[in-house]
Amino acid sequence: MPPFKHTPAPYTGPSKEEVIALRKKYLSPAMFWHFREPVMITEGKMQYLFDEKGRRYLDAFAGIVTVSVGHCHPEVVAAVDRQNSLLQHTTTIYLNNEIAEYAKELADKMPGDLKVVYFVNSGSEANDMALMLARAYTGNYDMITLRNGYHGMSPETMGLCGQHTWKQPIPQGFGVRHAMNPDPYRGPFGNDGQKYAADVADLIAGATSGQVAGFIAETIQGVGGAVQLADGYLPAVHKLVREHGGVCIADEVQTGFGRTGSAFWGFQNAGVMPDIVTMAKGIGNGLPLAAVVTTPEIAASLAKRIHFNTFGGNPVCSAGGRAVLRVIEREGIQQNAAAVGSHLLSRLRALQQKHDLIGDVRGRGLMLGLELVKDRATKAPATAELGEVFERMKDMGVLMGKGGLYGNVFRIKPPMCITRQDADFLVDVMDHAMSTL
Ligand code: PMP
């Protein structure tokens, strides 16, 4: 493992077995464990996590793409500590500088007319809000989204999700239509975005009133397995949706804040300009913070009635969010995501030459996916094999993410402070795990 200067504090809490018993008894069974044998994490420092025995792991999943600038980054910790002892909470019914200055700094990061910020606490809430804005502004009801997309766990956003794993059997998805997924690896039209866009035209004509409220998509599908939408798809669909009265929403919950390396926002890679952008996860480096950013005109559609939450833009989270923006800028975090990401991508592509198990390598920056297949011709998902490699990598000190419709995609989305040496270590460990299967 690459050298790293940090000695975790001795862990003095209840034993792992006791924590497992507490969790089983007192936490909802709806949650799940990532590994067969649960890993207990007691400390985090930058791109590394430590368990109760002081064992170090390279974190290749970043608390599900959330720890953007590094676990317990000193500048974020200092900003949070400072605000925490000054003022923890008031809500926006009072004036506070932290949230107002933060809104301006976030708006400065947005292109065009995207200048009005509404703070919430999670990606699900942000997408709920975006849905409401789209409907309030257009006066239309029908929403278009993608099969294999993920947008949240509230009843409204669950209805937007295109994966059965994330759906409860409850009423959901009113007015939501799921378009064919423009997946270059598995989709029927390969990387031809225009052909998938034709399916959206068909959907609007056949399954809606003809008047659309909006279209929402991730620019790279995260939970769905780092699926990059086919070339030209987003510009074509945005045009189509606008022709039918709708607005375009970019779900940047995973792809924002420089994660794709080549741009600060994922939609910039696709050359589109959304009307509403939702963000969470990386925005707060782990703090419960999320936001919706839109144009003054669209924001005004909700101005006639009060729409308000208690915690959104809480001063402690705002202070942390501001520190995240400063660190991204000063430490060249986006540039690091681009450089280490492209090194990682080329090493993974080389690994694909060696292991037939790797069907597809894809992604941008530090949002990468590796799809495992039993057979490259049939593309039969190698879900069990992935599980095996995943466990072995954990035993060798690398915590990976997984996902995709069939659970056969490695999701590599580490804190963006990861080094080239860490990337090499990850690939060597994966190579070893696959070679000894
Ligand atoms: N959108 C995307 C693209 C996501 O990946 C997620 C979370 N995985 C959400 C929305 C929902 O965010 P949260 O879990 O914070 O509600």
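Okay, so let's go over this structure. No experiment lies behind these values; they were computed from the predicted model shown. (Residues numbered from 1 in each chain as written. Predicted model: local features only at pLDDT ≥ 70, side-chain atom pairs only at ≥ 80, totals over all residues.)

Right, let's talk about the overall build of the chain for a bit. Counting its regular elements, the chain contains 14 helices and 17 strands. For the chain, whose C-alpha radius of gyration is 21 Å, the value lies close to the compact-globule estimate of 22 Å for 437 residues. Looking at the chain as a whole, 50% of its 437 residues qualify as buried. For the chain, restricting intrachain contacts to residue pairs at least 6 apart in sequence, the fraction spanning at least 24 positions comes to 75%. (Helix = DSSP H or I, 4+ residues; strand = E, 2+ residues; numbered from the N terminus. Rg over C-alpha atoms; globule rule 2.2 N^0.38 Å. Buried ≥ 20, exposed ≤ 12 C-beta atoms within 10 Å, placed from the backbone. Contact = placed C-beta atoms within 7 Å.)

Interhelical geometry of helix α13 (residues 383-395) versus helix α14 (residues 420-435) gives an angle of 130° and a closest axis separation of 9 Å. Overall, the two elements α13 and α14 adopt an arrangement that is oblique. Here α13 and α14 pass one another in a crossing that is right-handed. When α13 is examined against α14, the residues V389, R392 and M393 are found in contact with a partner set consisting of V429, M430, A433 and M434. (Axes fitted to C-alpha atoms, helices over the stretch in contact; angles between N-to-C directions. Parallel < 35°, antiparallel > 145°, perpendicular 65-115°, else oblique. Left-handed = near helix turned anticlockwise from the far one by under 90°.)

Near the ligand there are 16 residues, and of these S122, G123, S124, G152 and V253 occur at the shortest range. Sort the elements by how many residues they give to the shell around the ligand and helix α5 (residues 123-138) lands first, with three residues. (Near = placed C-beta within 6 Å.)

Now for the sheet that holds strand β4 (residues 116-120). Read from one edge to the other, the open sheet built from seven strands follows the order β4-β12-β11-β10-β7-β5-β6, with strand pairing classed as mixed. Every other strand in the sheet has two partners, leaving β4 and β6 (176-179) as the edge strands with one partner each. Each strand of the sheet is rotated relative to its neighbour by a mean of 20°, with strand direction disregarded. Pairing geometry for strand β5 (residues 142-146) and strand β7 (residues 212-218), over three bridges, is parallel. Note on β7: the bridge partner recorded for M143 is G214. Here helix α4 (residues 97-108) sits on the sheet and contacts β4 and β12 (290-294); the angle it forms with β4, its principal contact strand, is near 120°. Against the sheet, helix α7 (residues 193-207) engages β5, β6 and β7, with an angle of about 150° to β6. (Pairing = 2+ DSSP bridges.)

The next subject is the pairing of strand β3 (residues 56-59). Relative to β3, strand β2 (residues 48-51) runs antiparallel, the two being bridged by three bridges. Opposite F50, over in β3, you have R56 as the bridge partner. If you look at the hairpin formed by β2 and β3, you'll find four residues sitting between the two strands, and G54 has a positive phi there, around 85°. Across two bridges, β3 lies against strand β15 (residues 398-399) in parallel orientation. Residue pairing across strands places D59 opposite L399, the latter belonging to β15.

Turning next to the nonpolar core. Note that soluble globular proteins tend to have their nonpolar side chains buried in a common cluster. The biggest cluster of nonpolar side chains holds 125 residues, and the ones touching the most others in it are A130, A134 and A291. Mapping this core onto the domain boundaries places at least three of its residues in each of domain 1 (16-65 + 334-435) and domain 2 (74-330). Non-local contacts of A130, meaning those with residues more than four positions away in its chain, are made with I216, I249, I276, T278 and V292. (Core = buried A, V, L, I, M, F, W, Y, C linked by C-beta atoms within 7 Å. Domains from an automatic or database assignment.)

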